[in-house]
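A closer look at the structure
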Amino acid sequence: MELVAVLPVAIVVAAITVNALVFFGDCAAFDRIARNAVRVYATSPTYGVQADQSQALIATAIQAELDGRFERVEVRYERIGFGLTRYTATLDYAPNLFGMGVRSSVLGVPLPRLRHGTSLAVDTYKPGIFFE
């Protein structure tokens, strides 16, 4: 009888724990992948490539490295002066139930997506120079 009462709670706790650990692991990988993509595509773009084209290349490179089944990547840029451009990459993670997608709402209450972001400012005129 106790098993019937405890099993649903144990499954919920296990699902939350697994989602948290997967999200934290993805955040660590995302930080490394996003910064490397910015360093590759934004610090020394090829002739004629603008910041918005670099933004698309960065987003494509990040998405290619991550398993995009439950994740969405967004990259923005802003000019911050003195030739510097800040690229901000954001990871949206949708919680799942051990690899299966879950509904976006339960009993009318929307389930939030987990978000994580990282940014890097680069100087496009001096290749290899970037600021945290």
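Residues numbered from 1 in each chain as written. Predicted model: local features only at pLDDT ≥ 70, side-chain atom pairs only at ≥ 80, totals over all residues. Heavy atoms only, no water.

Describing helix H1 (residues 2-41)
Condition: Each helix corresponds to a stretch of at least 4 residues labelled H or I by DSSP, and each strand to a stretch of at least 2 residues labelled E; elements are numbered beginning at the N terminus. Here the expected span of a helix is defined as 1.5 Å times the quantity of residues minus one. Here's how the labels work: a residue is buried when its accessible area is under 20% of the maximum for its type, exposed when over 50%, partly exposed in between, all with a 1.4 Å probe on protein chains only.
The first and last C-alpha atoms of H1 sit 57 Å apart over 40 residues, in line with the 58 Å expected at 1.5 Å per residue. If you check which residues of H1 are buried, you get Ala15, Asn19, Phe23, Asp26, Cys27, Phe30, Ile33, Ala34, Ala37 and Val38.

Some remarks on the packing of aromatic side chains
Heads up, the rule is: We call Phe, Tyr and Trp rings a pair once their centres come within 6.5 Å, taking the six-membered ring for Trp, and we label the pair stacked below 30 degrees between planes, edge-to-face above 60, and tilted otherwise.
Using the criterion set out here, one finds three aromatic pairs in the structure. Their ring planes at 50 degrees and their centres at 6.0 Å tell us that Phe23 and Phe24 sit as a pair that is tilted. By relative accessible area, which is 54% here, Phe24 ends up exposed. Measuring from centroid to centroid gives 6.1 Å for Tyr77 and Tyr87, while their planes differ by 40 degrees, and the two rings are tilted. Taken together, the residues Tyr77 in strand S1 (residues 71-81) and Tyr87 in strand S2 (residues 84-93) connect sequence positions ten residues apart. Assessed through its relative accessible area of 2%, Tyr87 is described here as buried. Through a chain of ring-to-ring contacts, three or more aromatic side chains come together here, namely Phe23, Phe24 and Tyr93.

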